[in-house]
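# Architecture and fold: a report
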Amino acid sequence: MFLSSDDVKALTDRLLARSRADACAISVSGGEAQNLRFARGAATTNTAASDVRVRVSSHVGGRVGSVSTTSLDDAALSAALARSEEIARLLPVDPEYVAPLGPQNYSESRRYDPSIGELRLDALALKVEAVAKACAARGVNAFGCAASGRRFEAMATSNGLFAYDPRGEIELSVTARNKTDRWSGWAGVNRLAADALDATEVGRRAAEKAAREDEPVDLKPGDYPVVLEPAATAELASWLIHALDARAADEGRSFFSRPGRGARQGELLFDEKLTLRVDPGDGLAPSGALGYEGVPHRARDFIAKGAVESFYRSRAWAQKTDAEAVPHSASFHMGGGDASLEEMVRATKHGVLVTRLWYTNWLDPRELLLTGLTRDGNFLIENGRVTRPVRNMRFNESLAKLFRKIEALGPSERVWSAFHEGGACAAPPLLVERFSFASRSSGI
Amino acid sequence: MAKDFSLDRALVSDLADLALKAAAQAGASYADIRLGETRRERAFARDDRLERFDDNLRLGFGLRVLLDGAWGFCAATRLDRASVLAAVERACANARAARTVQAGAIVVERHEPREALWRMPVEIDPLDVSAAAKADFLLSVTAAARDAGADFCTAWLNCEREERLFANSYGARLLQSRTRVEPAFEATAIDRASGRYATRESLIPARGAGFEYALACGLKEDAARAGAQARQKLAAKPVTPGVMDVVLDPTNLWLTIHETVGHSTELDRVLGWEANFAGTSFLKPQMRGQLRFGSDLMTIRAERSREGGLATIGFDDDGAPAEAAEFLIVENGVFKNWQMALGQAHHVGLSRSNGCAYADDPTALPIQRMPNISLEANKAPCSLDDLIGGVEQGLYVIGAGSWSIDQQRDNFQFGGQLFYEIRDGRLGEMVQSAAYQGRTLAFWNSLDGLGDETTFRLGGTFTCGKAEPIQIAPVSHGAPAARFRGVSVLCTERENA
């Protein structure tokens, strides 16, 4: 259920007026979404769903109780309010208690085109049809998902804050597999409006990678120069930015903890080409305006020219350490460079081109050691040319080492993300001299 | 005892009738609807503070129609007549749109329609326990870990209940309620001088149960052990990597079963329906009944009715009874059967699915998901000491740590919480920074020692992810301790060298 700012304001004003707590914060979120999945070029499942959620947090004597409901009925909302107050009164006093925020200035985030709300499943079916044709033209099967939706996040507090943050998107991701099921390729995009999404082009890109008849080669596990396409780079960078938790660093529970005490803020830990930025006004990957706990997202470098500039920090920890509260962001923009992906390939004598990664997970977060596998488009580079498919492999690679020496970066671009996950990421193609493949996989 | 259903039974029953009648009038050859509520309570403590307490109630319905041989689905977080009627119209429009890009007509089998009421037995309704009692419980856990040597400890208690009415156009009316609890923690010890730290997560599994389980599961005692062990891990030597025999504790093995066997035997993956996200499988349709998945000791069973199971329920979200999801997946090492949801069986020449559907919310589309899946214990006596006694040089792994597996469920790599050397048939000193890596078939064929019932334990997770948009499913996996020969063990510190 996509409520307007005025509708949300009327609802939150009504609820805040009924609160008997010391203070109260109300979050409202909701939206509409639809998707159409397909396999072998034909529809499999589809959904259309609308949802809404009201979360009431009552503050009583330094304690906070929260209750949420999907019902907008007056009685249900009053019950949620009463229950949140009851919970708060039962809890122990929080030694790190913080009161709800007052009015804030929020940046404008351009993440919503109202036309997205008019789309129905027939519009997605046309995209799927275009993908199927593009893949069929290359003799490969198309699998994937087309989706669209619009959502809002809103927050109001008894201390005067009100914020409303809408977003909308159409997305398409395609996995193409050759007819023998022995090789695959992938491509995906997100767009603000349906007419900006060229489904034929997405299908063509995925098919181009999958349309290989030659048997994939097995590489011996070891270190190789690797060219990572933007989706793969973004996957790695997302783990890095999520590791920038101020509390963990300050408490000595993080790679970013300084031996002795404190966080490694300002230290040059990575290559000077590495910049990770969050910005509601970003042209490629805008973050939302409204951050966790109502703290505004501001244009901010988390890593600038290889040095850690910012950590995300909860309001409670910010209060305790007398530092700025910084909301965590699912969106980020990793800065790019001038090299094209083709130039990176040309500069590689014997290496691997990686399309995307799968099942990444910390192997040892103390050293930012990440594991995962390549997927849907892994190719051998020989003497500056992409020559043939390389069977997928598992990597065990420290992000600290990987991002310490970057050979080249290409232009950053928005990479695909699932609409329901909410984040928008932009990342460049990346060339590194050493990437550690630990074992082989037969997974295609 | 748990209270009666919170749902307004008359309301959801009327709405179900309304939806199914309207779907039939619109020309649907089949329709089903799930209506209900999910209550999720989350309490989270950090060291000496109760950081968050959230009580979430989500109402809604999801309607699925089969119209002109195509599926259409529509859902909303509402329970009213206007929303249901609008959903019928939208679901039918979706089916017509999907039909334009569909190869052939969808075929579904008919489950015998039943009218039934099923409720998971619990002694203490966890949602009736006060916030104060839960706060006390969690703060006692964090205190126990810190008193025993941890510098930090977070602890959480998740309590959930799903109440749902399933109705379909064949006449099924199934009202069900299931409850689950997840008591857990993570203890951390730090060495400020070196900047190193070590963590030890809870070894207590989530359960399909009431608050009585949280009280009796020994979380506080485990936290005390964890506090000391986290500190011990800081000083433990790194594992010496290499190919060696491993003995896996059931607190570790459940996750390996989940990833390598649970997911690889899902038929929708084999059909390519998850190829774009969750992945496919190394298994092919013709392998059923033929493939040697593991050694003779390996028998893996789907068990929908396992007591305490997170996926235990009377009927699945297609309306299939629990007995349908009681079957062998692997018997004495031979792959026997797929997990299937409605409309999948005929793709591999079978007549009917086997009760493996789940929608993580009434508003979610039911898809194939795991019932509880467990490795059977050895019927002959075999203790943990017996397993360790058969190892010259190896590693004993306790608890689930880092996990990752390829999208066809072949190449896996798993960590753990605690590692101990095995030397000459005896448990040696604690080591750290270990993980084991393998390929699914080779690994299961290297199983040469299986613990008996005395070593059996039920593990599980609240949060198995699959599908687009992603759905999160709870599922349990039971396992005895087991021994695997010639497994590749790596040292994470050397991986970073």
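See the structure shown above.
When helices and strands are counted, chain B shows ten helices and 25 strands. Relative to the globule expectation of 23 Å for 497 residues, the C-alpha radius of gyration of chain B, 24 Å, shows essentially globular dimensions. With respect to the principal axes defined by its C-alpha atoms, chain B has extents near 70 × 55 × 40 Å. Taking all 497 residues of chain B together, the buried fraction comes to 62%. The long-range fraction of contacts in chain B, counting pairs at least 24 apart against all pairs at least 6 apart in sequence, stands at 75%.

A few words now on the overall build of chain A. Helix and strand counts for chain A stand at nine helices and 19 strands. Computed over C-alpha atoms, the radius of gyration of chain A comes to 24 Å, within 12% of the 22 Å expected from 2.2 N^0.38 for 444 residues, which places it in the range of a compact globule. With respect to the principal axes defined by its C-alpha atoms, chain A has extents near 70 × 60 × 35 Å. The 444 residues of chain A split such that 59% are buried. Considering only residue pairs separated by 6 or more positions, chain A has 73% of its internal contacts joining residues 24 or more positions apart.

As a further point, take the sheet that holds strand S10 (residues 300–303) of chain B. Sheet strands line up and pair through hydrogen bonds in the backbone, either parallel or antiparallel. Residues and elements named next belong to chain B. Overall, antiparallel pairing links the four strands, which are arranged S12-S11-S10-S15 in an open sheet. Two strands in the sheet have a free side with no partner beyond their single neighbour: strand S12 (334–335) and strand S15 (373–375). Summarising the sheet, strand S11 (residues 326–331) and S12 pair through two bridges and their orientation is antiparallel. Opposite Val 330, over in S12, you have Phe 335 as the bridge partner. Here helix H6 (residues 250–262) sits on the sheet and contacts S10, S11 and S15; the angle it forms with S15, its principal contact strand, is near 110°.

Take the interface of chain B and chain A next. Tallying the contact residues gives 68 residues for chain B and 79 residues for chain A. The element best represented in the side of chain B that touches chain A is strand S2 (residues 49–67) of chain B, accounting for ten residues. Residue composition of the side of chain B that touches chain A, by class: 31 nonpolar, 25 polar and twelve charged. Taken together, the two bridges between strand S2 (residues 42–60) of chain A and strand S3 (residues 70–76) of chain B define a ladder with parallel strand orientation.

Below, the discussion takes up the environment of Tyr 106 of chain A. Residue and element names in this part refer to chain A. Inspection of the secondary structure puts Tyr 106 in the loop between helix H2 (74–90) and helix H3 (121–137). Residues Tyr 106 and Glu 272, spaced 166 residues apart in sequence, show a C-alpha to C-alpha distance of 30 Å. Leave out the neighbours within four places in its chain, and Tyr 106 touches Ala 163, Ala 289, Leu 290 and Pro 296.

Let us look at helix H5 (residues 230–242) of chain A. Residue and element names in this part refer to chain A. Over its 13 residues, H5 runs 18 Å from end to end, which matches the ideal 18 Å to within 8%, given 1.5 Å per residue. Most of H5 is tucked away, with eleven of its 13 residues classed as buried. By the burial criterion, the buried members of H5 are Pro 230, Ala 231, Ala 232, Thr 233, Ala 234, Glu 235, Leu 236, Ala 237, Ser 238, Leu 240 and Ile 241.

Right, let's get into helix H4 (residues 199–210) of chain A. The terminal C-alpha atoms of H4 of chain A lie 17 Å apart, and with twelve residues this matches the ideal 16 Å at 1.5 Å per residue to within 8%. On its buried face, H4 of chain A sits against H3, strand S4 (140–157), strand S5 (162–178), strand S6 (184–191), strand S12 (350–364) and strand S13 (369–382) of chain A.

Rules of the game
Residues numbered from 1 in each chain as written. Chains lettered and ligands numbered in written order. Predicted model: local features only at pLDDT ≥ 70, side-chain atom pairs only at ≥ 80, totals over all residues. Helix = DSSP H or I, 4+ residues; strand = E, 2+ residues; numbered from the N terminus. Rg over C-alpha atoms; globule rule 2.2 N^0.38 Å. Buried ≥ 20, exposed ≤ 12 C-beta atoms within 10 Å, placed from the backbone. Contact = placed C-beta atoms within 7 Å. Pairing = 2+ DSSP bridges. Axes fitted to C-alpha atoms, helices over the stretch in contact; angles between N-to-C directions. Nonpolar A, V, L, I, M, F, W, Y, C, P; charged D, E, K, R; others polar. Expected span 1.5 Å × (residues − 1).

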